[in-house]
Amino acid sequence: PEGVRRLLESYLSGGIVVGRMSRNPLTQMKYFAVCCVTLACRYAIAGGLGEQEAFNFSDKCIARIDAMTDGGKIVEFLSREAQRLAAMVGESRSAAAYSPPVRKCMAYIARNLHDKITLTDLSGHTGLSPGYLSRLFRADTGESVHGYILGRKLEAAKSLVERGGKMGETAYALGFSSESHFIALFKKRFGV
């Protein structure tokens, strides 16, 4: 993140020069910002960030950019989010330290987040016994398989709710057993 900050300071001090995509200056800046987010996410994926995480990040940024009315604020937002994306890539690189079966589980969970995922599913996917996989997962990540799945689902739910998704629809989309159970878990995790 610090390297990205320095690079952006250097880049922005020279002025932003881009082709004309719109005659409206605000629309021009929004188009530029969307292009930046798109390219940054592609490079983040190449750097090791999970596709789902990168796409969620991109969706949130583009929705925020779309709602902005000040070109200067868009540049500030891009700078801040670029540093956050760099931190996300750094954190995902630490995931490379996990054993191959745990990384395989994490990828499976990310791809199947909207389904009910069980330890038995992951066991079949990795070819390891449920007990061994459970111990390996906890040793590598510091949390249980269930806790990890729940955490990923709640983060995805937060993103959906922030974009206007209804609690019941979100609970159903992410495979929670009931809306009330989902709301209780969401409130416990995020305080709202």
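Residues numbered from 1 in each chain as written. Predicted model: local features only at pLDDT ≥ 70, side-chain atom pairs only at ≥ 80, totals over all residues. Heavy atoms only, no water.

Draft legend 1. The arrangement of the overall build of the protein in detail. Helix and strand counts for the protein stand at 10 helices and 0 strands. Shown N-terminal to C-terminal, the secondary structure of the protein runs as helices and strands in the order α-α-α-α-α-α-α-α-α-α. For the C-alpha atoms alone, the extent of the protein along its principal axes is close to 60 × 35 × 25 Å. In the protein, which comprises 192 residues, the share counted as buried stands at 33%. When the 26 positive and 18 negative side-chain charges of the protein are each reduced to one mean point, those points stand 1 Å apart. (Helix = DSSP H or I, 4+ residues; strand = E, 2+ residues; numbered from the N terminus. Buried < 20%, exposed > 50% of the residue type's maximum accessible area, 1.4 Å probe, protein only. Lys, Arg positive; Asp, Glu negative; His and termini not counted. Charge placed at Lys NZ, Arg CZ, Asp CG, Glu CD.)

Draft legend 2. Up close: the layout of surface pockets. Estimates place the volume of the largest pocket at around 1100 Å³. Leu49, Gly50, Glu53, Tyr148 and Arg152 are the residues nearest the centre of the largest pocket, which is lined by 32 residues in total. Contributions of two or more residues to the lining of the largest pocket are made by α3 (51–67), α4 (71–95), α5 (100–111) and α8 (145–162). With 7 residues, the top contributor of residues to the lining of the largest pocket is α3. Lining the second largest pocket are 25 residues, with Val4, Leu8, Cys36, Ala40 and Ala82 positioned closest to its centre. Of all the secondary-structure elements, those providing two or more residues to the lining of the second largest pocket are α1 (2–13), α2 (25–46), α3 and α4. The element that contributes the greatest number of residues to the lining of the second largest pocket is α4, accounting for 9 residues. (1 Å grid on protein atoms, 1.4 Å probe; cavity = no way out; pocket = protein on both sides within 12 Å on 5 of 7 lines; lining within 4 Å. Points joined across faces, edges and corners; volume = space filled by probe spheres on them.)

Draft legend 3. The arrangement of the packing of aromatic side chains in detail. Per the counting criterion, the structure on display carries 4 aromatic pairs. Aromatic pair Phe137 and Tyr148: ring centres 5.3 Å apart, planes at 70°, arrangement edge-to-face. Here the residue Phe137 occupies a position in helix α7 (residues 130–141), and Tyr148 occupies one in helix α8, the gap between them amounting to 11 residues. Residue classification places Phe137 among the buried residues on the basis of a relative accessible area of 0%. (Phe/Tyr/Trp six-rings, centres within 6.5 Å; stacked < 30°, edge-to-face > 60°.)

Draft legend 4. A look at the pattern of salt bridges. Counted by the stated rule, this structure contains 5 salt bridges. A salt bridge links Lys60 to Glu162, with the shortest nitrogen-to-oxygen separation between them at 3.9 Å. A residue pair is termed long-range when its members are at least 10 positions apart, and Lys60 in helix α3 and Glu162 in helix α8 qualify at 102 residues. Lys60 gets classed as partly exposed once you look at its relative accessible area, which sits at 28%. (Salt bridge = Lys/Arg side-chain N within 4 Å of Asp/Glu carboxyl O.)

Draft legend 5. Focus on helix α10 (residues 179–190). Here α10 contains 12 residues, and its C-alpha end-to-end distance of 16 Å stays within 8% of the 16 Å for a straight helix at 1.5 Å per residue. Inspection of α10 places Phe182, Leu185 and Phe186 among the buried residues, and these make up the whole buried set. Along α10, the residues classed as buried sweep out an arc of 100° about the axis, all on the same side. For α10, the exposed residues lying more than 90 degrees away from the buried face are Ser180, Lys187 and Lys188. Among the structural elements, α8 and α9 (167–173) are those in contact with the buried residues of α10. In the stretch just after α10, Gly191 is the one whose phi turns positive, near 80°. (Expected span 1.5 Å × (residues − 1). Arc of directions from axis to C-beta. Contact = heavy atoms within 4.5 Å.)

Draft legend 6. Structural detail: the nonpolar core. Ile109, Leu122, Phe137, Leu154, Phe176 and Phe182 are the most contacted members of the largest nonpolar core, which totals 25 residues. Elements supplying a minimum of two residues to this core: α5, α7, α8 and α10. Broken down by element, the residue count for this core peaks at 7 residues, all from α8. Excluding anything up to four places from it in sequence, Ile109 contacts Ile117, Leu122, Tyr148, Ile149 and Arg152. Of all hydrophobic cores here, the second largest spans 19 residues; its members include Ala33, Val37, Leu78 and Val89. (Core = buried A, V, L, I, M, F, W, Y, C linked by side-chain atoms within 4.5 Å.)

Draft legend 7. Structural context of α2. If you check α2, its first and last C-alpha atoms are 32 Å apart, about what 22 residues at 1.5 Å a residue would give, namely 32 Å. Among all positions in α2, only Gln28, Met29, Lys30, Phe32, Ala33, Val37, Cys41 and Ala44 are buried. Capping of α2 at its N-terminal end is provided by Asn24; its side-chain oxygen lies 2.8 Å from the backbone amide nitrogen of Leu26. Following α2 by one or two positions, Gly48 adopts a phi angle in the positive range, close to 120°. (Polar contact = N/O pair within 3.5 Å; in protein donor to acceptor, adjacent residues only side chain to side chain.)

Read these as spatial facts, not as claims about activity.
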